[in-house]
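# Observations on chain architecture
Chain residues, written in single-letter form:
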Amino acid sequence: MRLSQRVRAIEGSRTARFIPLMAEMRKKGRSVISLAIGEPEFDTPQPVIAATQAALAGQQTRYSEIPGLTALRTALAARLEDCRAANIVVFNGSKQALYTIFQTICDPGDQVIIPLPCWVSFSAQVRLAGGEPVFVPTRDHQLDLDAIGAAIGEHTRAILINSPNNPTGAVYPREDLERIARLAVDHDLYLVADEAYDFFVYDGRSPVSLYDLPAVRERLVVTRSFSKHYAMTGFRVGYAVAPAEAAAAMTRLHSHLTGNVCTFAQHGALAALSMDDELLRQRRIALERKRDLALAQIDGLFPCIRPGGAFYLFADVRGHLGPQETSGDFAARILEKTGVAMVPGEDFGVDGHVRICFAAPEEDLLEAFKRIREVL
Ligand code: GLU
């Protein structure tokens, strides 16, 4: 079968690369601890489950409005300044929102600046839209604003900002976002802000969003998700906040791609928004404690910059690589020897590192680091 060039040019998502191997190992009776795919270990909150069940029982099983339930979009818009339901489109996770954004803003040859390391799907999504990712390294995981400025050229269409960052957990300060905003205005660029982890900011800091800067809202598309906040990864509900014209264009595309997101899942998401924030706050505190535990465990094993948000450590494993060994080889070796799965840095565009998800039970974190320490 002759496959299109477009699809031949991409690989499957690398965050899932060890899932089949882990399943095989478990089948053989091996004890496997996954610190690979990024998903909170918490249960989906009861009010979300109850509302989803009630929606199913009430036959909320048919098509709904293509950009998302009006009630859901209205509730989301109410949380943002100067935002209306027409600015919100609900997608099957923020992953599909991001895919749709690049389809909406890129013409062939358009460039999107992406700070490195970066989440595995950005580059494939840009390429699938006919665009070209232009990678700009970060400095100690923070934006290198001069390098981003220097990377802007006549084909640049957008700058992508992901804070808190996946895979590094870096949180960008407001001053840096302001400089990015100025670059976008000066060069007439779009800004795409992936804020899937916006609630998970630690050390008493408050999250800062590009949306907080009114001067860029007309050129900004923000994506957020229910997956991580509410432990609803399998519901596949995320959304984009966009200028009305862009939101309408994304909705047109959505109407051909999937139509609405699963109707009863959207009712679950709506219930999540009416929950008391106390549960979320407790979960953030729990994750901060896990971060500190993971940092204490990794100390002396791999150098690692302290993440201010999200739920990942991006550890430097160069001191433990064999000759010619890549981070992919290293992660495979560790999985084979210890049963602990991590995602290699090469999948995020920076070799010599591994991403460790610390949103796992504390006993699993302790056991995983013990096993790695023993083997190394
Ligand atoms: N965003 C999560 C991760 O990076 C979920 C998996 C994915 O969609 O890539 O692990």
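Cut-offs applied
Residues numbered from 1 in each chain as written. Predicted model: local features only at pLDDT ≥ 70, side-chain atom pairs only at ≥ 80, totals over all residues. Heavy atoms only, no water. Helix = DSSP H or I, 4+ residues; strand = E, 2+ residues; numbered from the N terminus. Contact = heavy atoms within 4.5 Å. Axes fitted to C-alpha atoms, helices over the stretch in contact; angles between N-to-C directions. Parallel < 35°, antiparallel > 145°, perpendicular 65-115°, else oblique. Pairing = 2+ DSSP bridges. Near = heavy atom within 4 Å. Polar contact = N/O pair within 3.5 Å; in protein donor to acceptor, adjacent residues only side chain to side chain. Areas by Shrake-Rupley, 256 points an atom, 1.4 Å probe, with all protein chains shown as cover. Phe/Tyr/Trp six-rings, centres within 6.5 Å; stacked < 30°, edge-to-face > 60°. Lys NZ or Arg CZ within 6 Å of the ring centre and 35° of its normal. Salt bridge = Lys/Arg side-chain N within 4 Å of Asp/Glu carboxyl O. Buried < 20%, exposed > 50% of the residue type's maximum accessible area, 1.4 Å probe, protein only.

### Comments concerning the environment of valine 185
Tracing the backbone shows valine 185 in helix 8 (residues 174-187). For the pair valine 185 and valine 216, spaced 31 residues apart in the sequence, the C-alpha separation amounts to 7.1 Å. If we ignore the near neighbours within four places in the chain, the residues touching valine 185 are Ala215, Val216 and Arg219.

### Remarks on the packing of helix 12 (residues 327-338) against helix 13 (residues 362-375)
Running from N to C, helix 12 and helix 13 cross one another at 105°; their axes reach a closest spacing of 10 Å. Here helix 13 runs roughly perpendicular to helix 12, going by the angle between their axes. Between helix 12 and helix 13, the contacting residues are Ile334, Lys337 and Thr338 on the first element and Arg371, Ile372 and Val375 on the second.

### With respect to the sheet that holds strand 6 (residues 190-194)
What the seven strands build is an open sheet, ordered 2-8-7-6-5-3-4; its pairing is mixed. Here the strands that pair on one side only, and so sit at the sheet edges, are strand 2 (88-91) and strand 4 (132-137). Shown here is a sheet whose adjacent strand axes are inclined to one another by a mean of 20°, direction ignored. Contacting strand 3 (111-116), strand 4, strand 5 (156-162) and strand 6, helix 6 (residues 121-128) runs over the sheet at an angle of about 150° to strand 4.

### Focus: the environment of alanine 158
Following the sequence through the fold, alanine 158 ends up in strand 5. C-alpha of alanine 158 to C-alpha of valine 261: the two residues are 103 residues apart in sequence and 27 Å apart in space. Look past the residues within four positions of alanine 158 in its chain and what remains in contact with it is Ile105, Gln111, Val112, Ile113, Leu189, Tyr190 and Val192.

### Regarding the site of the ligand
Lining the immediate surroundings of the ligand are Ser13, Thr15, Ile37, Gly38, Lys95, Trp119, Asn166, Tyr197, Lys228, Tyr312 and Arg355. Contacts to the ligand include glycine 38, whose backbone N or O atom sits 2.7 Å from an oxygen atom. Within the side chain of lysine 95, a nitrogen or oxygen atom sits 3.0 Å from an oxygen atom of the ligand. In isolation the ligand offers 280 Å² of accessible surface; the protein chains occlude 86% of this area.

### Focus on the packing of aromatic side chains
All told, the structure shown has 10 aromatic pairs when counted by the stated rule. Among the aromatic residues, ring-to-ring pairing joins Tyr197, Phe199, Phe200, Phe311 and Tyr312 into one connected group. The ring of tyrosine 211 has arginine 217 sitting right over it, with the charged end atom 4.3 Å from the ring centre. One Lys or Arg, arginine 284, reaches over the ring of phenylalanine 199 and ends 4.2 Å from the middle of that ring.

### Topic: the sheet that holds strand 12 (residues 353-357)
Here three strands make up an open sheet; going across it, the order is 9-12-11 and the pairing antiparallel. Lying at the two open borders of the sheet, with one neighbouring strand each, are strand 9 (312-316) and strand 11 (343-344). Where strand 9 and strand 12 come together, five bridges link them in antiparallel fashion. Paired with leucine 313 across the bridge in strand 12 is isoleucine 356.

### Let's talk about the pattern of salt bridges
For the structure shown, the criterion picks out 27 salt bridges. The salt bridge partner of aspartate 292 is arginine 291, with a shortest N-O separation of 3.0 Å. Looking at aspartate 292, the relative accessible area reads 34%, which means it is partly exposed. Look at arginine 291 and you get buried, because its relative accessible area is 0%. Put simply, arginine 318 and aspartate 316 hold a salt bridge, and the shortest N to O gap is 2.6 Å. Overlapping salt bridges, with partners in common, bring together Glu11, Arg14, Arg17, Glu346 and Asp347 in one network.

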